[in-house]
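Architecture at a glance
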Amino acid sequence: MISLGARITRAILRAYTYPYRKNHKSLSRSIKFKNKPYRPPKNCCYEVANINGTSVEILTPANSNSNACIVQFHGGGHTQAMNGMYRKAAERLCNLTNCAVYSIDYKIGNELVYPSVHNECYSAYVGLCDDRLKDKCIIAIGDSFGANLMLSTCLKLRDENNLLPNALIVLSCFIDLAATGDSYKKNCYRDPLYSLPKNQCFECNEQFIRRKTPYCGETSPFNKLLSPAYAEYYDFPNMLIQCGEYETSASDSDMLYLKAKSAGVSATSTEYSGMWHDFQYLTPFLKESKNAWKEISRFVKSCLINMD
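In this report, we go over the structure that sits alongside the text.

For any two aromatic rings, the description comes down to two numbers: the centre-to-centre distance and the angle of the planes. If you walk through the whole model with that rule in mind, you get 10 aromatic pairs. Plain terms: the ring middles of Tyr114 and Tyr215 are 6.3 Å apart, the flat faces sit at 85° to each other, and that makes the pair edge-to-face. In this pair, Tyr114 is assigned in the loop between β4 (100–105) and α4 (116–130) and Tyr215 in the loop between α7 (202–209) and β7 (238–244), connecting sequence segments 101 residues apart. The burial state of Tyr114 is the same as that of Tyr215; both residues are buried.

Moving on: the sheet that holds strand β2 (residues 54–61). Remark on secondary structure: sheet strands pair via backbone hydrogen bonds, oriented parallel or antiparallel. Spatially, the eight strands line up as an open sheet ordered β1-β2-β4-β3-β5-β6-β7-β8, and their pairing is mixed. Both edges of this open sheet fall to β1 (44–51) and β8 (267–272), since each of them pairs with a single strand only. Here the strands of the sheet are splayed against their neighbours by 15° on average, with no regard to which way each runs. Relative to strand β6 (residues 167–171), strand β5 (residues 137–143) is paired through five bridges, and the arrangement is parallel. Across the sheet, Asp143 pairs through a bridge with Leu171, a residue of β6. Along the sheet face, α4 touches β1, β2, β3 (68–73), β4 and β5 and points at about 145° away from the line of β4.

This paragraph deals with the environment of Leu128. Turning to its location among the elements, Leu128 is positioned in helix α4. Remark: the alpha-carbon pair of Leu128 and Glu47, spanning 81 residues in sequence, is separated by 14 Å. Apart from the residues lying within four places of it in its own chain, the contact partners of Leu128 are Ile51, Val56, Tyr102, Leu133 and Lys134.

Here the focus is the pattern of salt bridges. Under the counting rule described, the total for this entry stands at eight salt bridges. Between Arg87 and Glu57 there is a salt bridge whose closest N-O contact spans 2.7 Å. Taken together, the residues Arg87 in helix α3 (residues 84–97) and Glu57 in strand β2 connect sequence positions 30 residues apart. Glu57 matches Arg87 in its accessibility class, with the two residues each being buried. Put simply, Lys259 and Glu232 hold a salt bridge, and the shortest N to O gap is 3.4 Å. With Lys259 in helix α8 (residues 250–262) and Glu232 in the loop between α7 and β7, this pair connects stretches of sequence that are 27 residues apart.

Here is what the cut-offs are and how they apply
- Residues numbered from 1 in each chain as written.
- Predicted model: local features only at pLDDT ≥ 70, side-chain atom pairs only at ≥ 80, totals over all residues.
- Heavy atoms only, no water.
- Phe/Tyr/Trp six-rings, centres within 6.5 Å; stacked < 30°, edge-to-face > 60°.
- Helix = DSSP H or I, 4+ residues; strand = E, 2+ residues; numbered from the N terminus.
- Buried < 20%, exposed > 50% of the residue type's maximum accessible area, 1.4 Å probe, protein only.
- Pairing = 2+ DSSP bridges.
- Axes fitted to C-alpha atoms, helices over the stretch in contact; angles between N-to-C directions.
- Contact = heavy atoms within 4.5 Å.
- Salt bridge = Lys/Arg side-chain N within 4 Å of Asp/Glu carboxyl O.

Taken by themselves, the reported measurements are silent on function.
See the structure below:
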């Protein structure tokens, strides 16, 4: 049973996205966030660094934990830059964990194809570890396509015998670019952001629900570094996985959880009833989102305690 606030918000989102869903347009490519000049909280120090050619925004709370940090891989389907929503998420992470947050602001563009963004994020993360994050406990967080970038980075780190983050937080992951999961059909009319209008049949429009991003280029959507749903997760750190019940891509989270558990990874997966893609970031004021953030806070604190 979801809150009244979530029901009302879901209806508003459904109405707002209807023109895009009706015409099968990508929200990440069609909707542009207003990017106002950023004013960091008074209790935080803000810095923008260049790490191996990539901009990284650093938000550090007063009296922060000097032994730990969070690295944020933001979503947006490689067409949305670091913006107010992700900065608010960084602020919330600072407040909840008392850790500095490093947000990788990778280059964006509709014309980009794999592996451009993946390589950039990997290079930025390695550069951070070689310089500013050396000997720190690192917790990485990624949402949507950002979770894809984070997991792909970790797979390369492991395969090249480099140190992985100490823990991972995976929100509404978009990691099966072949879109094979059953949630695409199950939620084809329930997802307020990506579903079909009810007058469009699933069988006639399945290609639009199981959308293939142009970012794939000539690379197979089953490539494990492009679609980490098809990777193996041995030697991975603890994971917290969250998604909304109504996401068309909810099965991506299920695939990750099953792969992680089969590899012996300590993983927790929470599906929030009636919720949608990136609800923690899009609608942090809702009861369900607050509960999700509390779970994130508990996970980070338990990781830090176990690493002391």
